[in-house]
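Observations on the three-dimensional arrangement
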Amino acid sequence: MRSLTKFFQSIRFRITLVFVLLMIIALELLGAFFVRQIEQRNLATFQQQITLPKYATDQITTALRNKQTDEANHQIQDVLSGLNNTNLQEVQVIDRTGTIRGTLSVSGQQTIGQKTTDLNAQKALSGNQSFLKTRTINESGERKELMTTQLGVSSGRVREVTGIIVVKASLLPVYRNISNVMRLFIIAGLIALVASIALALFLARTLTRPIEQINEQTTKIASGDYSMVNHIYSPDELGHLAKSVNELSTRIEESTETVNAERNRLDSVLTHMADGVLAANRRGEVTIINQAAADFVGIEREAALGQNVIDLLRLQGKRTLRDMLENLDDFRVDLSNDGTELLVQAYISLIKRQSGFISGLVVVLHNITEQQRIDSERRMFVSNVSHELRTPLTSVRSYVDALAEGAIEDPEMAQNFLGVVQDETQRMIRMINDLLELSRLDQGTMEVKQEVINLNSLFNFVLNRFDMIIESDAKNTETPNKTYNIKREFTNEDVWVEVDPDKFTQVLDNIMNNAVKYSPDGGTITARLIKTKTRAILSISDQGLGIPRKDLDNIFNRFFRVDKSRSRAQGGTGLGLAISKEVVEKFNGRIWVDSVENQGSTFYISLAYVDDANIEGDDWDVE
Ligand code: ADP
C-alpha cells in the first residue's frame, strides 16, 4: 500500500499521467473532428445518392402538368418504378393541391389521390424552403433522411411550386458506416493509449532513473558511505548533475578523511597527554575531556560531559565562569580525594571564532602534587640540615667560647672541652659526607661499579668485622663496651648478586651498626640469608628497642630518628638508612623493616640473584 502511494507521488507517475492525459486529449479532439468530418462527408454523399436524377424530376414535372390525372399518375408511377435506388425507402410525389400523386412503396399506393397531412410537405408546397431537408429519429433510434424537392419555376421573389417530391431514406447504413469507423478509431486509440502509457513509463524511467541513483548516492553520502559512484554520464543536465554529485562525494570523502585524521591525531594527543585537558562552552558545560582530566576530577569521561566546569573543578565560591573568561591567569586547584593529595595548576585559554566571539574555553590541568611535595621536602631538608648543623656548631662555639674565656688555662678542662669540639666536628664532617653522598645519589652522579659477587661471602665478611670488634672489646677490659653476639643463619647455596661491593658493604655496616647501637647489652643479632624462587633475601634482626609502628613508614626518611636526642647522643646523623635505601634501590633491590616495640627490629634487603649457571670465575675476593 505504501509503495503504491509512493508510486502515485513519484515523478515517474506524474510524467506518465501528463503524457497519457495529453494523449487522451489529443485523441479526443482528433476523434471528434475526424468523426464529424466522416459524418458530414457520408451524409453529403448519401444525400447525393438519394437525390432523384434530373430526368426523373423533369418527367415528373411534365406529368404533373398533364391535366389527365390518371395518365399523369401512371407516368409518375412509371418514373418512380424505374428508379433503381436501394437507399430510397419511400418517394412521394405531391401536386400543388397537396394531393399525393404517386408513391414508391407498395404500401403507400392506396394513399394516391389523398391529400397529404404532412406539415412539412404543406409548407414546401407553399414555397417555404426551411424544412426541405429534415432528419427524424423514430423510437427504435433509426435515423431517417427526409428530402423534399420543390418542382416548379421560380418567378421573381415568389417561388411557384407545381409539386413536390418527398424522398424518405434510412440513414442506418451511413451511421453504421460511421460507427464502424468510430469503433476502429477507438480500438486504434486504445492501442495508442496503451502504447503511449508504456512509452511514457519508459521515458519517465529514463528520466527518473538517474535521479533515483543520485538520490541513493546522496543518501549514502549523508550516512558516510562514499563508495557509490554514479556511472550515468548521459550528455544532458542529469549527466552533469551525476558528475557533480560524484565530484562532491569525492570532495566530502577527502575532507571527512582529513577532519577524521585531524580528530584522531588530536584525540591521541589528548589521550596520551599527562596533563588534563577539558573544553567547555560559553555556558561552562564540558564538551571535551581527556582521560587525564577525568582521572584528576575522579569521574568517568562520559559522565563529565555536559557538567559544569566550575562544579567539576570544585571552584564554587572561589571562582566564577566569568572570572575564568575575563582573567586568564593560571591558578591552583585542590582536587584531593579520599586522603589522596592532588594539586593541579589550571591554565585557561579561550576558544574564539574568527569574528572574535568567545565560544568557550579550554582548561589545561597540570599535576603539581609531586612538584609541591619535592618543594616542601626540599624546604624541609634545608631546614633539617640547618638545624642539624646548628646544634653541633652551637655546641662547638660555646666550648670554644669557654676555652677563650679561660677554660684553656685548666688543662684537664681544656682537654675535655677540646674532646667535645673534636667529636662535634667529627659528627659534622660525617653528616656533610653523608649529605654529599645523598646528593650524589639524587643527582645520579655517584660512581657505581656493579659486579657479580657472592653475597654469602660479602655478608660474612661484614659480620666477621663485627665479630672482631666484639673480640677486641672483650680484651679491652678498661672501658668495657656493650656486649652482643652474632648468629648466622645462611642458606647452604651460593647467592650471586650484581651490586657495587663497597656501597653494599656500607649499607650492611649501617644496618649492623644500628642493630648494635639499639641492642640491649648481651643481646643477640641474627643475620640470615635465604634464597626464594626469584630473589635473595638477607635480614638482620636485633632484640633491641624496636621501632614504634607509626614510625615504620618514616624510618628511611632523611633525618628521621625515633628518638632524636638519643640518636644524636650516639653520634647518629639520621641519614644512614636514607642512604641505604637509595643505594639498595640503585641495585633494583628493596629494603624494609619489620619491628615490634621493645622486642626488636628486623631489617630486610631483597635483591634479584644471578643464576649459578651464568657465573664465571672465582668467588668474590674478600680482600
Ligand atoms: P642514625 O644515624 O640516627 O642511626 P639511621 O638513618 O641509621 O640514623 O636510623 C634512623 C633512625 O631509625 C634511628 O635514629 C633510630 O631511631 C631508628 N633505628 C634504626 N635502626 C634501628 C634499630 N635496629 N632498632 C631501633 N631503631 C632503629
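Each value, and the rule that gives it
Residues numbered from 1 in each chain as written. Predicted model: local features only at pLDDT ≥ 70, side-chain atom pairs only at ≥ 80, totals over all residues. Heavy atoms only, no water. Helix = DSSP H or I, 4+ residues; strand = E, 2+ residues; numbered from the N terminus. Rg over C-alpha atoms; globule rule 2.2 N^0.38 Å. Buried < 20%, exposed > 50% of the residue type's maximum accessible area, 1.4 Å probe, protein only. Areas by Shrake-Rupley, 256 points an atom, 1.4 Å probe, with all protein chains shown as cover. Axes fitted to C-alpha atoms, helices over the stretch in contact; angles between N-to-C directions. Parallel < 35°, antiparallel > 145°, perpendicular 65-115°, else oblique. Left-handed = near helix turned anticlockwise from the far one by under 90°. Contact = heavy atoms within 4.5 Å. Phe/Tyr/Trp six-rings, centres within 6.5 Å; stacked < 30°, edge-to-face > 60°. Lys NZ or Arg CZ within 6 Å of the ring centre and 35° of its normal. Core = buried A, V, L, I, M, F, W, Y, C linked by side-chain atoms within 4.5 Å. Domains from an automatic or database assignment. Polar contact = N/O pair within 3.5 Å; in protein donor to acceptor, adjacent residues only side chain to side chain. Nonpolar A, V, L, I, M, F, W, Y, C, P; charged D, E, K, R; others polar.

**Here's the deal with the overall build of the protein chain**
Within the protein chain, the regular secondary structure consists of 17 helices and 17 strands. For 623 residues, the compact-globule estimate of 2.2 N^0.38 gives 25 Å, and the C-alpha radius of gyration of the protein chain, at 66 Å, exceeds that figure by more than 25%. Going through the 623 residues of the protein chain one by one, you find that 37% of them count as buried. Carbon and sulfur atoms provide 53% of the accessible area of the protein chain, an area that totals close to 37600 Å².

**What about the packing of helix H14 (residues 455-475) against helix H15 (residues 501-518)?**
Following both chains from N to C, one finds H14 and H15 inclined at 45 degrees, their axes separated by 10 Å at the closest point. Classified by the interaxial angle, the pair formed by H14 and H15 is oblique. Like other packed secondary-structure pairs, H14 and H15 cross with a definite hand, here right-handed. Contact with H14, carried on its side by Leu-455, Leu-458, Phe-459, Phe-461, Val-462, Leu-463, Arg-465 and Phe-466, involves Pro-501, Phe-504, Thr-505, Leu-508, Asp-509, Met-512, Asn-513 and Val-516 of H15 and no other residues of that element.

**Looking at the packing of aromatic side chains**
Each aromatic ring pair is characterised by the separation of its centres together with the angle its planes make. In the structure shown here, the tally under the stated rule is seven aromatic pairs. Stacked on the ring of Tyr-609, the Lys or Arg Lys-531 has its end atom at 4.7 Å from the ring centre.

**Some words on the nonpolar core**
By size, the foremost hydrophobic cluster in this structure holds 52 residues, and its most contacted members are Leu-455, Val-497, Phe-504 and Ile-605. If near-sequence neighbours (up to four positions away) are discounted, Val-497 is found in contact with Glu-451, Val-452, Ile-453, Leu-455, Ala-536, Leu-607, Ala-608, Tyr-609 and Val-610.

**Looking at the domain arrangement of the protein chain**
Per the domain assignment, the segments making up the protein chain are domain 1 (1-50 + 172-272), domain 2 (86-170), domain 3 (273-367) and domain 4 (448-623). One C-alpha centre belongs to domain 1, the other to domain 2, and the line joining them spans 62 Å. At the junction of domain 1 and domain 2, the tally comes to four residue pairs in polar contact (both at pLDDT 80 or more). When contributions to the side of domain 1 that touches domain 2 are tallied by element, the ones reaching two or more residues are helix H2 (11-50) and helix H6 (172-222). Looking at the side of domain 1 that touches domain 2, the element that brings in the most residues is H2, giving five residues. When its residues are assigned to classes, the side of domain 1 that touches domain 2 shows six nonpolar, two polar and no charged.

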